[in-house]
Structures are given as structure tokens and as C-alpha cells.
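These are the residues of each chain, in order.
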Amino acid sequence: MNFGTVPFLSVRVRDDEAWITWLYVPPGLRRHGVGRRMVEAWEAHAPACVRKIRLLAAEVDDEDPIPFWEKLGFHDDAELPWVDEVPMRVMSRTLPDR
Ligand SMILES: CC(C)(COP(=O)(O)OP(=O)(O)OC[C@H]1O[C@@H](n2cnc3c(N)ncnc32)[C@H](O)[C@@H]1OP(=O)(O)O)[C@@H](O)C(=O)NCCC(=O)NCCS
């Protein structure tokens with residue numbers, strides 16, 4: 001998938017939960033800590049009400065993102081039915097007390 005050349009992260013906050021709706025690092029920038037830094041920077045400035053971060057992990061560019069999320073401390077919440085032959089999982093991370 002071609003989302004352009006700029007990394008981006010989008011998050012929606014509702015009550016005490018945040019959903020990461022998109023995280024994308026262009027192929028040429030991957031594995032240099034960009035994805036980790038974006039997520040950790042968001043967490044560091046997350047609204048105080050946020051207790052848990054959730055996301056829907058789906059394969060993009062034939063690369064499994066789940067090991068990336070596990071490295072960032074996310075755990076499996078639920079497995080969903082495959083969509084268009086792509087496995088989907090809900091993963092989450094509870095934020096430490098701030
Ligand atoms: C998943 C994605 C955001 C990772 O971004 P990135 O900038 O390459 O990740 P980082 O370099 O910050 O990696 C952080 C850690 O995860 C590891 N990691 C990253 N991608 C990985 C992968 N596909 N498989 C295994 N480990 C991976 C890195 O080695 C690094 O480990 P370390 O901290 O021990 O050195 C990026 O590959 C991407 O945009 N993929 C396509 C879109 C996508 O799948 N988005 C997520 C949708 S749920």
C-alpha cells in the first residue's frame with residue numbers, strides 16, 4: 001500500500017480508552033525506531049484520562065505488525081474473523097499510573 005513518504009500516527013480518545021486508528025512508517029524508514037518513537041511520544045503526552053490503548057492489528061505490505069506491537073508492550077485482546085484473507089487482532093496496553 002502506498003500511503004506516501006511521511007510517517008503518521010492517528011489516535012482517537014474516548015473516555016478512558018484510546019484507539020490507535022493508523023500507524024504507518026514508509027518502507028524506506030522502517031526498523032530505525034520511528035514507529036516506536038511516535039507511539040511512545042503520543043503516550044508521553046496522552047490525556048490524563050487515558051488508561052488503556054487499543055488497536056486493530058492487520059497486515060499491511062505483507063508484513064506482520066504483531067511483533068512490533070509486542071515489543072512495545074501490547075498484548076492480544078481478541079482474535080477477529082479474517083477480513084479479505086487478512087488476519088485481524090485486537091491488541092491493547094494498559095498505561096502505567098501517571
Ligand atoms: C509496523 C510499523 C509501524 C513499525 O514501524 P518501525 O518504525 O519499522 O518500527 P521500529 O523501528 O520503531 O521498531 C520497534 C521494535 O519493533 C521491532 N519490529 C518492527 N517491525 C517489526 C516486524 N515487522 N517484525 C518484527 N519486529 C519488528 C524492531 O526491530 C524494534 O525492536 P527493538 O526495539 O528491539 O530494536 C511499520 O512496519 C509499518 O508502518 N508497517 C505497515 C503499516 C502497519 O502495519 N501499521 C500497523 C497497523 S496495526
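Every value quoted in this text rests on a predicted model; they were computed, and no experiment measured them.

As for the overall build of the protein
Counting its regular elements, the protein contains 2 helices and 5 strands. Tracing the protein from N to C terminus, the helices and strands come up as β-β-α-β-α-β-β. Computed over its C-alpha atoms, the radius of gyration of the protein comes to 13 Å, within 12% of the 13 Å expected for a compact globule of 98 residues. Oriented by its inertia axes, the alpha-carbon framework of the protein measures out at about 35 × 30 × 20 Å. Residues classed as buried in the protein amount to 12% of the 98 residues present. The long-range fraction of contacts in the protein, counting pairs at least 24 apart against all pairs at least 6 apart in sequence, stands at 51%.

A few points about the site of the ligand
The environment of the ligand is formed by 21 residues, the closest being Arg 30, Gly 35, Arg 36, Pro 65 and Pro 67. Among the secondary structure elements, those contributing two or more residues to the shell around the ligand are strand 2 (17-24), helix 1 (34-44), strand 3 (52-58) and helix 2 (66-71). Of the residues contributing to the shell around the ligand, the split by class is 11 nonpolar, 3 polar and 7 charged.

Looking at the pairing of strand 3
Here strand 3 shows a clear split, with Ile 53, Leu 55 and Ala 57 buried on one side and none of Lys 52, Arg 54, Leu 56 and Ala 58 buried on the other. Where strand 2 meets strand 3, 4 bridges bridge the pair, whose relative direction is parallel. Paired with Ala 18 across the two strands is Ile 53, which belongs to strand 3. Of the pairings in the sheet, the one linking strand 3 to strand 5 (residues 86-94) comprises 7 bridges and is antiparallel in character. Paired with Leu 56 across the bridge in strand 5 is Val 90.

Brief notes about unusual backbone geometry
Negative phi characterises most residues that are not glycine, and trans characterises most peptide bonds. Within the chain, Asp 15 stands out as a residue other than glycine whose phi angle is a positive 55 degrees. Relative to the helices and strands, Asp 15 resides in the loop between strand 1 (8-14) and strand 2. Positive phi, normally seen in glycine, also occurs at Arg 31, with a value near 65 degrees. With respect to the secondary-structure elements, Arg 31 resides in the loop between strand 2 and helix 1. Given 9 C-beta atoms within 10 Å, Arg 31 falls into the exposed group.

Topic: the environment of Asp 64
Its location among the elements puts Asp 64 in the loop between strand 3 and helix 2. By the C-beta count within 10 Å, which is 12 here, Asp 64 ends up exposed. Separated by 23 residues in sequence, Asp 64 and Pro 87 have C-alpha atoms that sit 9.4 Å apart.

Overview of the nonpolar core
Core analysis: the biggest nonpolar cluster contains 10 residues, these being Ala 18, Ile 20, Leu 23, Val 39, Ile 53, Leu 55, Ala 57, Trp 69, Phe 74 and Met 91. Excluding anything up to four places from it in sequence, Ile 20 contacts Leu 9, Val 11, Ile 53 and Leu 55.

Conventions and cut-offs
- Position numbers for residues count from 1 along each chain, tracking the sequence in the order it is written.
- Reporting of local features is limited, given that this is a predicted model, to residues whose pLDDT is at least 70; pairs of side-chain atoms are given and counted only at 80 or more, and all residues count toward the totals for whole chains, interfaces and linings.
- Under the scheme used here, helices are H or I runs from DSSP no shorter than 4 residues and strands are E runs no shorter than 2 residues, and both carry numbers assigned from the N terminus.
- Taken over C-alpha atoms, the radius of gyration is set against a globule rule of 2.2 Å times the number of residues to the power 0.38.
- Exposed residues have 12 or fewer other C-beta atoms within 10 Å of their own C-beta, buried residues have 20 or more, and residues in between are partly exposed; the C-beta atoms are placed from the backbone.
- Any two residues are considered in contact once their C-beta atoms, placed from the backbone, lie within 7 Å.
- Whether a residue is near a molecule or strand depends on its C-beta atom, generated from backbone atoms, being within 6 Å of that molecule or strand.
- In this classification, the charged set is Asp, Glu, Lys and Arg, the nonpolar set is Ala, Val, Leu, Ile, Met, Phe, Trp, Tyr, Cys and Pro, and all remaining amino acids, among them Gly, are polar.
- Strand pairing requires that DSSP identify at least two bridges connecting the strands.
- Only buried Ala, Val, Leu, Ile, Met, Phe, Trp, Tyr and Cys residues enter a nonpolar core, and they are joined through C-beta atoms within 7 Å.

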